[in-house]
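# Architecture at a glance
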Amino acid sequence: VNAGQSRYYGVELDLLANLTARDQLSAYVAWSDAEYTDFATAVGSTNLQLAGNTPPQAPEWSINLGYEHDFALPTGVLTLRAQSHYETSSYFTVYNYDYDKQDAYTRSDVIATYRPDAGAWKLEAYVRNLEDETVLAYAQTASGTYRSYRYLYQAPRTFGVKVSVDW
């Protein structure tokens, strides 16, 4: 499958601001307008013109926001971070079927990281996907006898603790 012609327009803004010695703000905003202008293809014995369809994984808006603050402790630094991702709807195939569409969603995380003043290790506790949003990572027709559809999802709400050592 090879598109004859397509048109992509877009703008991105990426910001990282150290508000104080202990506060950091990060922001990313992307806007895109993408569509096929000529895309003739065939599915079985049916000829299709997909001009006007949106290319796969091309949301109109994608926004990331994050804020973190460092707390000085007697034995190290505790960093608390909150971050969120918003994305408008997008498709996973060139056909733009409703069943290969990911609706708009928001996914947020909170992370607490402790780094001791002495030692090359850190301890992190996190909760990812606070909203427990069901988000598609992949969708496509499976070939074969039963013509099924395959879906792969991003992780649901997860939480955990992680210890890292640098050497």
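Residues numbered from 1 in each chain as written. Predicted model: local features only at pLDDT ≥ 70, side-chain atom pairs only at ≥ 80, totals over all residues. Heavy atoms only, no water.

## Points about the packing of aromatic side chains
Tallied over the entire structure, the rule returns 5 aromatic pairs. Centroid distance Y151 to Y153: 6.3 Å. Interplanar angle 25 degrees. Geometry classified as stacked. Among the residues examined, Y151 registers a relative accessible area of 36% and is labelled partly exposed. Under the relative-accessibility criterion, Y153 is labelled partly exposed at 45%. For R128, the ring lying beneath its charged end belongs to Y126, and the centroid distance is 4.6 Å. (Phe/Tyr/Trp six-rings, centres within 6.5 Å; stacked < 30°, edge-to-face > 60°. Buried < 20%, exposed > 50% of the residue type's maximum accessible area, 1.4 Å probe, protein only. Lys NZ or Arg CZ within 6 Å of the ring centre and 35° of its normal.)

## Digging into the side chain of R81
Mapped onto the fold, R81 is located in strand β6 (residues 76-87). Beyond its immediate stretch of four places on either side in the chain, R81 contacts S26, G66, Y67, E68, D109, V110 and I111. (Helix = DSSP H or I, 4+ residues; strand = E, 2+ residues; numbered from the N terminus. Contact = heavy atoms within 4.5 Å.)

## Re a nonpolar patch on the surface
A contiguous nonpolar patch, built from W121, L123, V161, V163, V165 and W167 and spanning about 740 Å² of accessible area, is present on the exposed surface. Breaking the nonpolar patch down by element, the ones donating at least two residues are β10 (121-128) and β13 (158-165). Broken down by element, the residue count for the nonpolar patch peaks at 3 residues, all from β13. Tracing the sequence through the fold places V165 in strand β13. (Patch = residues over 30% accessible without salt bridge, like charges linked within 9 Å, V, L, I, M, F, W, Y side chains within 5 Å. Areas by Shrake-Rupley, 256 points an atom, 1.4 Å probe, with all protein chains shown as cover. Salt bridge = Lys/Arg side-chain N within 4 Å of Asp/Glu carboxyl O.)

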